[in-house]
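Remarks on the overall topology
So the chains spell out like this:
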Amino acid sequence: MDKESLLAQLSSLLSTETNFITNMANTAAFLKEQHGYFWVGFYSVIGGELLLGPFQGPVACTRINKGKGVCGTVWETKESILVPDVDKFPGHIACNPYSRSEVVVPLMYNGKCVGVMDADSDKLNDFTPEDVKYLEQVVNVLLESSKIIE
């Protein structure tokens, strides 16, 4: 199925619910099911840290500091990052030794990063710039469908 159809399907799935946590959970399950990502999920900014939220895949790191690893760097810079080989990313946090490549997208609300979406693959170079754009669109669908409580 093409990505435009998948985005429409996700939008329809999220259209009847506004709870952010519920929509993050369904978005993670949708992405895992549709794309077979090794790990996909969300971290929310809570109490000055990124705190693990809804995800699909193996057990994950629970807390990440700002500027640390890929997720913490995205939180700090507010820009998506594509990592073809996680072992070559300075300060990468190895939550799972089988994760080999990664895309992290910021969740921006009212100009503020309220969290990140993280997608991991167990293969090197498994993501493209087109995947980054698609995942940014996924995040937009999620944010437009949800009521964000700060």
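The structure we're discussing is the one just above.
Description of the structure in this document. (Residues numbered from 1 in each chain as written. Predicted model: local features only at pLDDT ≥ 70, side-chain atom pairs only at ≥ 80, totals over all residues. Heavy atoms only, no water.)

This brings us to the packing of helix H1 (residues 3-14) against helix H2 (residues 20-35). Look at H1 against H2: their axes get within 10 Å of each other, and the N-to-C directions meet at 150 degrees. Our classification of the angle between H1 and H2 gives roughly antiparallel. When you trace H1 past H2, the crossing you get is right-handed. For the pair H1 and H2, contact is made by Leu6, Gln9, Leu10, Leu13 and Leu14 and by Asn23, Asn26, Thr27, Phe30, Gln34 and His35, respectively. Grouping the constituent residues of the contact of H1 with H2 by class yields 5 nonpolar, 6 polar and no charged. (Axes fitted to C-alpha atoms, helices over the stretch in contact; angles between N-to-C directions. Helix = DSSP H or I, 4+ residues; strand = E, 2+ residues; numbered from the N terminus. Parallel < 35°, antiparallel > 145°, perpendicular 65-115°, else oblique. Left-handed = near helix turned anticlockwise from the far one by under 90°. Contact = heavy atoms within 4.5 Å. Nonpolar A, V, L, I, M, F, W, Y, C, P; charged D, E, K, R; others polar.)

Before going further, it helps to examine the environment of Pro84. Here Pro84 lies in the loop between strand S4 (81-83) and strand S5 (101-109). On the basis of relative accessibility, which here comes to 38%, the residue Pro84 falls in the partly exposed class. Excluding residues that lie within four positions of it along the chain, Pro84 makes contacts with Arg100, Ser101, Leu124 and Asn125. (Buried < 20%, exposed > 50% of the residue type's maximum accessible area, 1.4 Å probe, protein only.)

Our next topic: the pattern of salt bridges. All chains considered together, the criterion is met by 3 salt bridges. Lys123 serves as the salt-bridge partner of Asp122, at 3.4 Å between the closest nitrogen and oxygen. The partly exposed category is assigned to Asp122, whose relative accessible area is 39%. (Salt bridge = Lys/Arg side-chain N within 4 Å of Asp/Glu carboxyl O.)

Moving on, we come to the nonpolar core. Side chains of a nonpolar character, in soluble globular proteins, are inclined to be buried together. Counting 28 residues, the largest nonpolar core has Leu31, Tyr37, Leu107, Met117, Tyr134 and Leu135 as its most contacted members. Among the elements of the structure, H1, H2, strand S1 (39-46), S5, strand S6 (112-121) and helix H4 (129-145) are those that each provide at least two residues to this core. Looking at which element gives the most residues to this core, the answer is H4, with 8 residues. With 18 residues, the next largest nonpolar core counts Phe38, Leu50, Val104 and Val116 among its residues. (Core = buried A, V, L, I, M, F, W, Y, C linked by side-chain atoms within 4.5 Å.)

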